[in-house]
Amino acid sequence: MTITITLDTDCINNLDISPALTVISQLLDENATIASHEQQLNFDIKYTLEPGDPRELSEIPELRLWFVRLDAKYPWLPFLLDWKSGEFARYTAMLVPHQFSAKEGIQYNPEALEIFLMHKIFILGDWLKQQGIPSQSRLKSMAQMLGYDLDDALFEIFS
């Protein structure tokens, strides 16, 4: 089941994360475990651009700042994002400096991407353990989505 959070220009410009808070708090309050909502969340972003504005959504500072605020509230949110529909990649683009190339697509700043990934690995590793959810394969899959192959030894260090 897909769970959608709709964002409009007003909530983005006002850094109002209440649309996300409402949906996520309902998921946390349900009797089912949070694991039952894994990879089901997506965002419907309705941000008004001036006619002819060529920017991608992840190039809009106000939108990026909105996602920074959301990530500060729910740093484990990638667990809920629908990776198959590209939500994790879009979420990453909102938080990691990057450029677009017509030939190669999105090009992340390599150091920033590595810091972002390891930050998420450590946060999610701890959070998944608290939830009683097996984490190693999930975290390795997340890293692979960003082009990294994590060694099992890393998990032995911080588990």
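Being a predicted model, the structure only gives us computed values, none of them experimental. (Residues numbered from 1 in each chain as written. Predicted model: local features only at pLDDT ≥ 70, side-chain atom pairs only at ≥ 80, totals over all residues. Heavy atoms only, no water.)

**Q** Explain helix H4 (residues 87-95) to me, using residue names and the numbers behind them.
**A** Residue pairs spaced three or four apart in an α-helix point in one direction, given the helix's 3.6 residues per turn. With seven of its nine residues buried, H4 lies for the most part within the structure. All of the buried residues along H4 are Glu-87, Phe-88, Tyr-91, Thr-92, Ala-93, Met-94 and Leu-95. (Buried < 20%, exposed > 50% of the residue type's maximum accessible area, 1.4 Å probe, protein only. Helix = DSSP H or I, 4+ residues; strand = E, 2+ residues; numbered from the N terminus.)

**Q** Tell me what's going on with helix H6 (residues 136-145), and back it up with residues and numbers.
**A** Where H6 is concerned, the buried positions are Leu-139, Met-142 and Ala-143. Projected down its long axis, H6 shows its buried positions confined to an angular sector of 100 degrees, all on one face. The secondary structure elements touched by the buried residues of H6 are H4, helix H5 (110-131) and helix H7 (152-158). Of the residues flanking the end of H6, it is Gly-147, one or two places downstream, whose phi is positive at about 90 degrees. (Arc of directions from axis to C-beta. Contact = heavy atoms within 4.5 Å.)

**Q** Residues and numbers for the packing of aromatic side chains, please.
**A** Per the stated rule, a full pass over the model turns up eight aromatic pairs. Ring plane angle 5 degrees and centroid distance 4.5 Å describe the contact between Trp-76 and Trp-127, whose orientation is recorded as stacked. A residue pair is termed long-range when its members are at least 10 positions apart, and Trp-76 in the loop between helix H3 (61-73) and H4 and Trp-127 in helix H5 qualify at 51 residues. Overall, the relative accessible area of 9% leaves Trp-76 in the buried class. Assessed through its relative accessible area of 8%, Trp-127 is described here as buried. One aromatic cluster is present, built from ring pairs that chain together Phe-43, Trp-66, Phe-67 and Tyr-91. The residue whose ring lies beneath Lys-73 is Tyr-74, and the NZ or CZ to ring-centre distance is 6.0 Å. (Phe/Tyr/Trp six-rings, centres within 6.5 Å; stacked < 30°, edge-to-face > 60°. Lys NZ or Arg CZ within 6 Å of the ring centre and 35° of its normal.)

**Q** Pulling in residues and values, what's your account of the packing of H5 against H6?
**A** Geometry of a packed helix pair, given as the angle between the helix axes and the separation of the axes. Running from amino to carboxyl end, H5 crosses H6 at an angle of 160 degrees, the nearest separation of the two axes being 10 Å. Considering the angle they form, H5 stands roughly antiparallel to H6. The element H5 and its partner H6 pack so that their crossing is right-handed. The residues of H6 that touch H5, namely those facing Leu-117, Lys-120, Ile-121, Leu-124, Gly-125 and Leu-128, are Arg-138, Leu-139, Met-142 and Ala-143. Taken together, the residues of the contact of H5 with H6 sort by class into seven nonpolar, one polar and two charged. (Axes fitted to C-alpha atoms, helices over the stretch in contact; angles between N-to-C directions. Parallel < 35°, antiparallel > 145°, perpendicular 65-115°, else oblique. Left-handed = near helix turned anticlockwise from the far one by under 90°. Nonpolar A, V, L, I, M, F, W, Y, C, P; charged D, E, K, R; others polar.)

Just geometry here; none of it tells us what the structure is for.
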